[in-house]
Structures are given as structure tokens and as C-alpha cells.
Amino acid sequence: MFLRHFIVFSFIALLAGCAGFGARESVQGHGDPAQWREHKQQLTSLDGWQINGKIGIRAPKDSGSGTLFWLQRQDYYDIRLSGPLGRGAARLTGRPGKVSLEVANQGRYDATSPEQLLEEQLGWKLPVSNLAWWVRGLPAPDSKSRLTLDADSRLANLEQDGWQVEYLSYAEQNGYWLPERIKLHGTDLDITLVIKEWQPRKLGQ
């Protein structure tokens, strides 16, 4: 009796584990799912990075381009935009539950989420919390996603939370293949990221 219950319990646990890992992902394309899982596991271990690049934004009321600096250290982030949309410089800093936005010649604003802050102050409906995953070439883990893999078993396209993310090219940095050119298409907001420099940092280093 004990053995039978143990086997049943183990089977249920196995199914639950498989569901938790892949049920939210619908994977298609030319890549190898096993290689994708290995690539995903490697990138998930990155809990920090520094990015330098360019950003282009197209919105109903504003369009423009500028430079991007993004420092990530576990759950803390410091994202700086210089020059986009003629607004001068903007800096978004924070961690879960506490976020600040500083806009040149306008002041500083605080909120509990980056999404709320950007929509209130800039009018952008941008899933900032997902961007920490998308910028690495990963789907965010908390909602369903549809993935298309390229021939190298990396993300070519991602559909998640009403957004479509296109990965146009990758670059190798310190043993990690990371996105170099990304296009994000949302409702009334299109963003292009060109990452010129990646400095990845692995968990615990």
C-alpha cells in the first residue's frame, strides 16, 4: 500500500513539475526544444548585467530615439534614457514595490510599479517587469507565452501579454548568446533596441 501511494505521489509530482516548467510555453519553429531548455536555463542564471545601446520609440503622441543604459543587480535596476522624444534625460530606478522616475526639467515621481509610473508620467503602456526577461531573450515566467525558435534554438519571436517581440540578431558575450537587436510591438507603442555592449553577470558572482 505504501509503495503504491508513493508511486502515485511521485507520478503526480512529476506531472506537476513538467506543467510548471513548460505548460505556459507554446514552442514552435526550427529549433531543438532540448537545446532551447539548456539555453534558457543558462540565461535564467544571469541576475545582473550592464547594457549600453540605442532605443527608438514610436507612440501616438511622440516618436524619437536616444541612448540606453541599463544596470541590473538582482531585483534592483537603474535604467537611463538620454534624448528620446525630445524630453531630455529620464532615469527609472527601483526594486519590487518601490520605483522612482526622474525626468529632466520635470522632477521626480514615485510609485509602487514601473508600469504605473511610466503610464502616468509618459503615457507609455510598457511591461517593464517583463523587459528584464525579454532583453535576455527569455519569456517572462508569470504568464503564458508563444515562442518561435530560430535554427540555433534561440528565440526568434515571442508573443506574451499582448506584445510581440522580434529577435533580429544575437551576439556572444562571455559564453552567453544574448540579443543584439530587438523589436517590441505593443498597443500604440513600438520600441526598437540596439544593444551595443553587454556585460552579463551570473548569479552569485
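In the block above lies the structure referred to throughout.
All of these numbers come straight from a predicted model, not from anything done at the bench.

### Here we look at helix α2 (residues 33–44)
Because an α-helix packs 3.6 residues into every turn, residues spaced three or four apart end up facing the same way. Over its 12 residues, α2 runs 16 Å from end to end, which matches the ideal 16 Å to within 8%, given 1.5 Å per residue. Every buried residue belonging to α2 is among W36, H39, K40 and L43, and all of these are buried. End-on view of α2: buried residues confined to an arc of 100°, all on one side of the axis. The exposed residues of α2 that point more than 90 degrees off its buried face are E38 and Q41. Sitting at the head of α2, D32 places a side-chain oxygen 3.0 Å from the backbone nitrogen of A34.

### Some details on helix α3 (residues 114–122)
Listed in full, the buried residues belonging to α3 are P114, L117, L118 and L122. Each buried residue of α3 lies within a common arc of 95° when the element is viewed along its axis, so the set occupies one face. Buried-residue contacts for α3 involve β4 (76–82), β5 (89–95), β6 (98–103), β7 (107–111) and α4 (128–134). The backbone nitrogen of Q116 lies 3.1 Å from a side-chain oxygen of the residue at the head of α3, namely S113. Among the residues trailing α3, G123 stands out with phi positive, at a value near 80°.

### Focus on unusual backbone geometry
One non-glycine residue, N105, lies in the positive phi region at around 65°. Of note, N105 is situated in the loop between β6 and β7. Located in the positive-phi region is S153, a residue other than glycine, with phi close to 65°. Overall, the relative accessible area of 2% leaves S153 in the buried class.

### Here's the deal with the pairing of strand β2 (residues 46–58)
Relative to strand β12 (residues 189–202), β2 runs antiparallel, the two being bridged by 12 bridges. Paired with G53 across the two strands is I195, which belongs to β12. As paired strands, β2 and strand β3 (residues 63–73) are joined by 11 bridges and run antiparallel to one another. Residue pairing in the sheet places I57 in a bridge with G64 of β3. In textbook terms, the turn of a hairpin is the stretch between consecutive antiparallel strands, and for β2 and β3 this stretch comprises four residues.

About the cut-offs
- Residues numbered from 1 in each chain as written.
- Predicted model: local features only at pLDDT ≥ 70, side-chain atom pairs only at ≥ 80, totals over all residues.
- Heavy atoms only, no water.
- Helix = DSSP H or I, 4+ residues; strand = E, 2+ residues; numbered from the N terminus.
- Expected span 1.5 Å × (residues − 1).
- Buried < 20%, exposed > 50% of the residue type's maximum accessible area, 1.4 Å probe, protein only.
- Arc of directions from axis to C-beta.
- Polar contact = N/O pair within 3.5 Å; in protein donor to acceptor, adjacent residues only side chain to side chain.
- Contact = heavy atoms within 4.5 Å.
- Pairing = 2+ DSSP bridges.

Nothing here speaks to function; it is geometry throughout.
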